[in-house]
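These are the residues of each chain, in order.
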Amino acid sequence: MQIMKLPAFADVHVHLREPGFEYKETIASGTAAAAAGGVTDVCSMPNLKPVPDSIEALRPQLEATSSSAIVRVHPFGAITVGESGKTLADMEGLAPFVCGYSDDGHGVQDAGLMREAMLRAKALGKTISAHCEVNSLLVPGGCVHDGQWARDNGFTGISSASEWKMVERDLELVRDTRCRYHVCHVSTKESVALVRDAKADGLPVSCETAPHYLVLTDADLRDEGRFKMNPPVRSAADREALREGLADGTVDCVATDHAPHSSEEKGRGLRGSAFGVVGLETSFPILYTCLVEQGLVSLDRLVEAMAVRPREIFGLPQADAAQDFVEVELGCRQVIDASLFVSKGHATPFDGMEVHAHIVRTVCGGRTVFGV
Ligand SMILES: [Zn+2]
């Protein structure tokens, strides 16, 4: 067994649920979960009430953050008013307070509107973080990957094209606008190939994937809410492409898409549960065990993907070696027990999995925020 000191992690895709949905998570509970996972910077998604589409609408989140966050919170501003995809948010007004813009939870369906958003983000020197999903390619009731498992078990699928067709559209817009553009939660092999080609062409693009897409496939599904997230875990070929992409840097970073819900909302099986699983407290142990120990990705590359690249992409200061670090124990044996999570959300497909790393201590800005 071995204790190692690493730069504290940054998670650029987190749902803290406050203001508006405090029964799912609060800034206090969500940042405590981040600290427990070795994360000292989180970028918080704007699907809140109110949606932060103006300074006034962002203010309650800023106030709750200053009173109750124990790690640094960097809010995203919305791309469109109310995340409704109709008119652009006050991107200029929000600029001094946000790490970027996202309508996470919804794809921006209107290409003309997305192009205009990119031009404004480019002028403001900010990144757009895009949830890519083409609504017209969705089938009502889709809840898992549209693949073998869905067919064998009688579930309605969510197609890969519903993701990658929007990645493809947006990359063409980037070719034109030269906006800094980041793809959220990439889950398909086609998206990985598109991002790889765009990077080879010198476009200012980056992307993230989440631990569940790197570790699980649709063959692991069970009819339980803790296996339901959007996009869904996909085929073995998709997982393979994501692993290769992470190893070669096409997939820049790992973000959790930590998306807590109440147990009631997650207790209705694959068809009836809300989309989203928690991830802040398990990301590093799972990826160390399933990727580093297996020789698929080096520890250095994983640290780069969890600590260095996310901060580069969203313009956050890099972790200071003396002030922002995490101590991890490697080579131990632990079983993930979701009932012990600090987060208010307990739905994870990794409950019960044996892992060989755990977070011992997290230091944020010189202060111990987790462990002793
Ligand atoms: Zn999303």
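See the structure printed just above.
In this text, all values refer to a predicted model and were calculated from it rather than measured experimentally. (Residues numbered from 1 in each chain as written. Predicted model: local features only at pLDDT ≥ 70, side-chain atom pairs only at ≥ 80, totals over all residues. Heavy atoms only, no water.)

Trainee: Tell me what's going on with the nonpolar core, and back it up with residues and numbers.
Mentor: The nonpolar side chains of a soluble globular protein tend to be buried with one another. Ranked by size, the top nonpolar core spans 94 residues in total, and within it Phe9, Met114, Ile128, Tyr181 and Phe284 carry the most contacts. For isoleucine 128, the residues in contact, after removing those within four places along its chain, are Ile79, Tyr101, Met114, Ala117, Met118, Ala121, Cys179, Arg180, Tyr181 and His182. Cys43, Met45, Ala255 and Leu316 belong to the second-largest nonpolar core, a separate cluster that totals 11 residues. (Core = buried A, V, L, I, M, F, W, Y, C linked by side-chain atoms within 4.5 Å. Buried < 20%, exposed > 50% of the residue type's maximum accessible area, 1.4 Å probe, protein only. Contact = heavy atoms within 4.5 Å.)

Trainee: Talk me through the coordination of the zinc ion; I want residue IDs and the actual numbers.
Mentor: Put simply, a metal with four donors set out as a tetrahedron has ideal angles of 109.5 degrees, and one with six donors set out as an octahedron has ideal angles of 90 or 180 degrees. Those donors, Asp104 (OD), His131 (ND1) and His185 (NE2), are the protein atoms that reach the zinc ion, and they lie 1.9 to 2.2 Å from it. Along the chain, the residues that donate to the zinc ion are spaced as D-x26-H-x53-H. Residue histidine 131 is found in the loop between β6 (127-130) and β7 (144-145), and its partner histidine 185 is found in the loop between β9 (180-183) and α7 (189-200); the two are separated by 54 residues along the sequence. (Donors = N, O, S within 2.8 Å, 3.2 Å for Na, K, Ca; no water. Helix = DSSP H or I, 4+ residues; strand = E, 2+ residues; numbered from the N terminus.)

Trainee: Kindly report on the sheet that holds strand β2 (residues 9-14), identifying the contributing residues and their values.
Mentor: If you walk across this open sheet you meet the eight strands as β2-β3-β4-β5-β6-β9-β10-β11, and the pairing is parallel. For this open sheet the edge positions go to β2 and β11 (253-254), each flanked by a neighbour on one side alone. As paired elements, strand β10 (residues 205-209) and β11 share two bridges and run parallel to each other. Among the inter-strand pairings, threonine 209 is bridged to a residue of β11, identified as valine 254. On the sheet, helix α13 (residues 299-313) packs against β2, β3 (39-44), β6, β9, β10 and β11 and is oriented at approximately 60° with respect to β2. (Pairing = 2+ DSSP bridges. Axes fitted to C-alpha atoms, helices over the stretch in contact; angles between N-to-C directions.)

Trainee: Give a description of the pattern of salt bridges that names residues and reports values.
Mentor: A full pass over the atoms with the stated rule returns 21 salt bridges. Put simply, arginine 72 and aspartate 324 hold a salt bridge, and the shortest N to O gap is 2.9 Å. With arginine 72 in strand β4 (residues 72-77) and aspartate 324 in the loop between α13 and β12 (325-335), this residue pair connects regions lying 252 residues apart in the sequence. For aspartate 324, a relative accessible area of 7% puts it in the buried group. (Salt bridge = Lys/Arg side-chain N within 4 Å of Asp/Glu carboxyl O.)

Trainee: Describe the side chain of threonine 26, with residues and values.
Mentor: The topology assignment puts threonine 26 in the loop between β2 and α1 (27-36). For threonine 26, a relative accessible area of 16% gives the class buried.

Trainee: Residues and numbers for unusual backbone geometry, please.
Mentor: Cis geometry is found at the peptide bond from lysine 49 to proline 50, where omega equals 0°. Along the chain, proline 50 falls in the loop between β3 and α2 (55-68). With an omega dihedral of 0°, the bond running from asparagine 230 to proline 231 counts as a cis peptide bond. As for its placement among the helices and strands, proline 231 is situated in the loop between α8 (211-215) and α9 (236-248). The backbone of histidine 185 sits at a positive phi, close to 25°, despite the residue not being glycine. A positive phi is found at aspartate 257, a non-glycine position, where the angle reads about 55°. Considering the arrangement of structural elements, one finds aspartate 257 in the loop between β11 and α10 (263-266).

Trainee: How would you explain the packing of aromatic side chains if you had to name every residue and give the values?
Mentor: Counted under the stated rule, the structure contains four aromatic pairs. Ring centres of phenylalanine 9 and phenylalanine 284 lie 5.3 Å apart, and the angle between their planes is 20°; this geometry places the pair in the stacked category. Note that phenylalanine 9 is positioned in strand β2 and phenylalanine 284 in helix α12 (residues 283-292), a separation of 275 residues in sequence. Each of the two residues, phenylalanine 9 as well as phenylalanine 284, counts as buried. Counting every residue linked through ring pairs, the aromatic cluster contains Phe9, Phe284 and Tyr288. Positioned above the aromatic ring of phenylalanine 325 is the side chain of lysine 5, whose terminal nitrogen or guanidinium carbon lies 4.2 Å from the ring centre. (Phe/Tyr/Trp six-rings, centres within 6.5 Å; stacked < 30°, edge-to-face > 60°. Lys NZ or Arg CZ within 6 Å of the ring centre and 35° of its normal.)

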